[in-house]
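Summary of structural features
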Amino acid sequence: MEDKLVTLAIHSYEKAIILKSMLESEGITTYIQNVNVLIPQSSEGVRVRIKESDLPNALKVIEASSFKTDIEGDSENEDGKEDKKHKRTILIPVDFSDYSLKACKLGFSAAKSLNAKIIIAHVYYVPFIPMALTINDLAPVAAQEGLDIDLKEALQRADKGMKKLLAEIKSLQESGVLPEIHHSTIIREGIPEEVIVELGEELKPLMIVMGTRGASKRELEVLGSVTAEVIEQSKQKVLAVPENAPSDAFTKIRHIAFATNFDERAIQAFDHLMELLEGRSINYTIVHFKEKRHDGEAEEHLENMSTFLKKKYPNVSIQYKLIETKDMFANLNDFLNENSVDLLAITTHKRNPFSKLLYASFASKMLFYSKVPILVLRA
């Protein structure tokens, strides 16, 4: 009797190719259907089909791989379904550089103090370069085969990198350097900053922890890094970890500088900060950097904001400081060192596309200069 084909999954073209490569690497013959031959990458609803007799093995392959979309240990709602959005998690995007390991160390330490779980995510990108059509129209087929190979190799590199990172984390946990925190992984294909923002929306983590530089080793002045882009686009809190920050920096916070430009949403952002660090004994300084001399309005605004927050949080130590400087970025670390600041909190909000093209945000600029972790709060 002939072994009939069954549909295992329906995905976008990219995910279908990844799944096909995974299954075939395990000896499972796989077919994909509903592909736009001329522009394969635009295909949606692509069917991944296998022989019915291979179904049990295929399910085992998916279950054991990083391709699965479910995340281990997720809590359940009343219907018994997994509820990823309301779980206390910290999302750590990684590119397997030294900066990623630094972010993991700080993220695990923070997770322990916040009673949260860890999700480590890696996003790999495989650019698709379409080939020109030939007379016999074989070019699209060749392009698809080339993309199949590229995706398979990229996924293999991602799996290898993730396994290596997890081994390093396990070793650090066994030696007592890192706490024993439940952690799971996600590997996805796409543009890193876009996928990380999507994961933030999907998982609703307490915060996203990222290094300020990555494997590309871009110059500090280049504000197009993945971390800066995530800060620009994400609605979630982002903790940017500089290269030399100690791994226990988050757990040893005693003094936070809350930078403000008196935006009306600054109070809301401060509330988010207090909610995150509820119950911890921390001194807060509301700080404003004034680059040009003018009347006393800035100091008056600072005093009023500080007075309001003291009334709202009577058991919290809050003061304010006005800093006059010609170059706040050049003098930032002098202020942080002189005042023993452990964390710099910055408020950002979504700006229109035109201002984004003309000006890099205050938060994006600041993260390349600060020597202490920066917590970016979306208001």
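Residues numbered from 1 in each chain as written. Predicted model: local features only at pLDDT ≥ 70, side-chain atom pairs only at ≥ 80, totals over all residues. Heavy atoms only, no water.

Now for the sheet that holds strand β5 (residues 117-124). The ten strands lie next to each other as β6-β5-β4-β7-β8-β13-β12-β9-β10-β11, forming an open sheet whose pairing is mixed. With partners counted over all chains shown, the strands left at the sheet margins are β6 (183-189) and β11 (317-324), one partner each. In this sheet, neighbouring strand axes are inclined to one another by 25° on average, regardless of whether the strands run parallel or antiparallel. Bridge count for strand β4 (residues 89-94) against strand β7 (residues 207-211) is two bridges, and the pairing is parallel. Looking at β7, one finds that Ile90 is bridged to Met207. In this fold helix α6 (residues 226-233) packs onto β7, β8 (238-241), β12 (343-348) and β13 (374-378), with an angle of close to 155° to the strand it touches most, β7. (Pairing = 2+ DSSP bridges. Helix = DSSP H or I, 4+ residues; strand = E, 2+ residues; numbered from the N terminus. Axes fitted to C-alpha atoms, helices over the stretch in contact; angles between N-to-C directions. Contact = heavy atoms within 4.5 Å.)

Here we come to empty space enclosed by the protein. Once rolled over the atoms, a probe with the size of a water molecule shows which space is left empty. Inspection of the entire model under this criterion finds one cavity of 30 Å³ or more. By volume, the largest cavity is sized at about 30 Å³. If you trace the largest cavity, you find it lined by Ile231, Ser234, Gln236, Val238, Thr348, Val376, Leu377 and Arg378. In terms of residue count, β13 provides more of the lining of the largest cavity than any other element does, three residues in total. When its residues are assigned to classes, the lining of the largest cavity shows four nonpolar, three polar and one charged. (1 Å grid on protein atoms, 1.4 Å probe; cavity = no way out; pocket = protein on both sides within 12 Å on 5 of 7 lines; lining within 4 Å. Points joined across faces, edges and corners; volume = space filled by probe spheres on them. Nonpolar A, V, L, I, M, F, W, Y, C, P; charged D, E, K, R; others polar.)

Our next topic: the pattern of salt bridges. In this structure the tally under the stated criterion is four salt bridges. Measuring nitrogen to oxygen at the nearest pair gives 3.2 Å for the salt bridge that ties Glu24 to Lys20. Of this pair, Glu24 and Lys20 both sit in helix α1 (residues 13-25), four residues apart, which is roughly one turn of the helix. Where Asp271 meets Lys312, a salt bridge forms, and the shortest distance between an N and an O atom there is 2.8 Å. (Salt bridge = Lys/Arg side-chain N within 4 Å of Asp/Glu carboxyl O.)

Glancing now at the nonpolar core. Among the nonpolar cores identified, the biggest contains 75 residues, and Ile90, Met207, Phe250, Phe258, Phe270 and Leu273 are the most heavily contacted of them. Not counting residues within four places of it along the chain, the set of residues in contact with Ile90 comprises Gly107, Ala110, Ala111, Leu114, Ala116, Lys117, Ile118, Ile119, Pro205, Met207 and Val209. Among the nonpolar cores identified, the runner-up in size contains 32 residues, and Leu203, Ala257, Phe335 and Met366 belong to it. (Core = buried A, V, L, I, M, F, W, Y, C linked by side-chain atoms within 4.5 Å. Buried < 20%, exposed > 50% of the residue type's maximum accessible area, 1.4 Å probe, protein only.)

Given 3.6 residues per helical turn, the α-helix brings residues three or four places apart onto the same face. The terminal C-alpha atoms of helix α3 (residues 98-114), which comprises 17 residues, lie 24 Å apart, in line with the 24 Å expected from a rise of 1.5 Å per residue. Burial analysis of α3 places twelve of its 17 residues in the buried class, which makes it a mostly covered element. Looking only at α3, the buried set comprises Tyr99, Ser100, Leu101, Ala103, Cys104, Leu106, Gly107, Phe108, Ser109, Ala110, Ala111 and Leu114. A positive backbone phi angle near 55° is found at Asn115, which sits one or two residues after α3. (Expected span 1.5 Å × (residues − 1).)

The quantities given are spatial measurements derived from coordinates; they are silent on function.
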